[in-house]
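Residue strings, one per chain:
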Amino acid sequence: MNMNAKQESGKLMNAVLPLAENILRQYGEFYPYGGYMKPDGTIVDLGADDPDTDRPKSKDLIYVLWSSFREMASMNKCKATAIVFDVAVNIPNSNLKEDAIQVCVDHVDGYSAEVFFPYQIVDGKIVYGESFAQEGKHGIFGN
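Residues numbered from 1 in each chain as written. Predicted model: local features only at pLDDT ≥ 70, side-chain atom pairs only at ≥ 80, totals over all residues. Heavy atoms only, no water.

K.L.:
Could you clarify how one ought to interpret the overall build of the protein in this entry?
P.N.:
Regarding its fold elements, the protein presents two helices and seven strands. The secondary structure elements of the protein, listed N-terminal to C-terminal, are α-β-β-α-β-β-β-β-β. Computed over C-alpha atoms, the radius of gyration of the protein comes to 15 Å, within 12% of the 15 Å expected from 2.2 N^0.38 for 143 residues, which places it in the range of a compact globule. With the C-alpha coordinates of the protein rotated into their principal frame, the extents come out at 45 × 40 × 25 Å. Across the 143 residues of the protein, 40% fall into the buried class. Counting contacts in the protein only where the partners sit at least 6 residues apart, residues at least 24 apart contribute 51% of the total. Taken as a whole, the protein presents about 8,400 Å² of accessible surface, with 48% of it coming from carbon and sulfur. (Helix = DSSP H or I, 4+ residues; strand = E, 2+ residues; numbered from the N terminus. Rg over C-alpha atoms; globule rule 2.2 N^0.38 Å. Buried < 20%, exposed > 50% of the residue type's maximum accessible area, 1.4 Å probe, protein only. Contact = heavy atoms within 4.5 Å. Areas by Shrake-Rupley, 256 points an atom, 1.4 Å probe, with all protein chains shown as cover.)

K.L.:
Explain helix H1 (residues 5-27) here, please?
P.N.:
Given 3.6 residues to a turn, an α-helix orients residues that are three or four positions apart in the same direction. Between its first and last C-alpha atoms H1 spans 33 Å; for 23 residues at 1.5 Å apiece the expected length is 33 Å, and the two agree. The sharpest bend along H1 comes to roughly 25 degrees, located at Val 16, with the proline Pro 18 sitting one to four residues further on. Buried residues of H1: Ala 5, Glu 8, Ser 9, Leu 12, Met 13, Val 16, Leu 17, Ala 20 and Leu 24, and no others. The opening residue of H1 is Asn 4, an N-cap whose side-chain oxygen sits 3.1 Å from the backbone nitrogen of Lys 6. Just past H1, the residue Gly 28 takes up positive phi, approximately 80 degrees. (Expected span 1.5 Å × (residues − 1). Bend = angle between axes of the 7 residues up to and from the residue. Polar contact = N/O pair within 3.5 Å; in protein donor to acceptor, adjacent residues only side chain to side chain.)

K.L.:
Got a minute to help me understand the nonpolar core in this structure?
P.N.:
General note: in soluble globular proteins, nonpolar side chains tend to be found buried as a group. Counting residues in hydrophobic clusters, the biggest one holds 20 residues, and the most contacted among them are Phe 30, Val 84, Ile 101, Val 103 and Phe 117. Listed by contribution, the elements that provide at least two residues to this core are H1, strand E1 (33-37), strand E3 (80-90), strand E4 (97-107) and strand E5 (112-122). With six residues, H1 is the single largest residue contributor to this core. Tyr 36, Ala 48, Leu 65 and Phe 85 belong to the second-largest nonpolar core, a separate cluster that totals 19 residues. (Core = buried A, V, L, I, M, F, W, Y, C linked by side-chain atoms within 4.5 Å.)

K.L.:
Help me understand the side chain of Glu 114 in this model?
P.N.:
Secondary-structure assignment places Glu 114 in strand E5. Judged by relative accessible area, Glu 114 falls into the buried class, the value being 4%. For Glu 114, the side chain forms a polar contact with the side chain of Gln 134, separated by 2.8 Å. A polar side-chain atom of Glu 114 sits 2.7 Å from a polar atom in the side chain of Lys 137. Ignoring any residue separated from it by four or fewer positions in sequence, one finds Glu 114 in contact with Gln 102, Val 103, Cys 104, Phe 132, Ala 133, Gln 134, Glu 135, Gly 136 and Lys 137.

K.L.:
Honestly, the pairing of E1 in this entry has me stumped. Any pointers?
P.N.:
Both faces of the sheet carry side chains from a regular strand, because those side chains alternate between them. Most of E1 is tucked away: five of the five residues are buried. A two-sided burial pattern is seen for E1, the buried positions comprising Tyr 33, Gly 35 and Met 37 on one face and Gly 34 and Tyr 36 on the other. Alignment of E1 against E3, held across five bridges, turns out to be antiparallel. The residue of E3 that forms the bridge with Gly 34 is Ile 83. Of the strand pairs in this sheet, E1 and strand E2 (residues 43-46) are connected by four bridges, and their pairing is antiparallel. (Pairing = 2+ DSSP bridges.)

See below:
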């Protein structure tokens with residue numbers, strides 16, 4: 001069965017999301033990381049680090065991941081990518097800001113989305129609010 005770009009992106013997102021949940025449960029925060037889908041459909045996790053510091057800035061790690069994925073995409077080594085990071089986001093239709101896991105997915109066939117999973121940590125458990133999504137930036141595959 002062939003999956004379309006949105007389905008493949010969803011499969012990748014579902015594969016990379018549990019790591020954020022596990023680290024949040026343990027530490028209450030996490031550094032950005034990513035994952036990608038090879039042309040054959042295999043999913044690979046990808047971490048990022050900054051050799052200059054033990055306390056890297058999230059935006060620097062996001063850029064490292066983004067650059068890595070752009071390079072891989074240009075060599076046709078991936079067909080979908082996901083970057084996962086912790087944000088404070090404005091909740092739609094309210095004035096509230098909440099912590100959220102943001103997942104930016106891009107697919108070679110032109111699908112790009114930013115998905116937000118608002119959460120609270122209650123008694124060591126992750127309690128999710130209502131997730132929402134917006135059009136992505138189409139920044140990886142240049143389409």
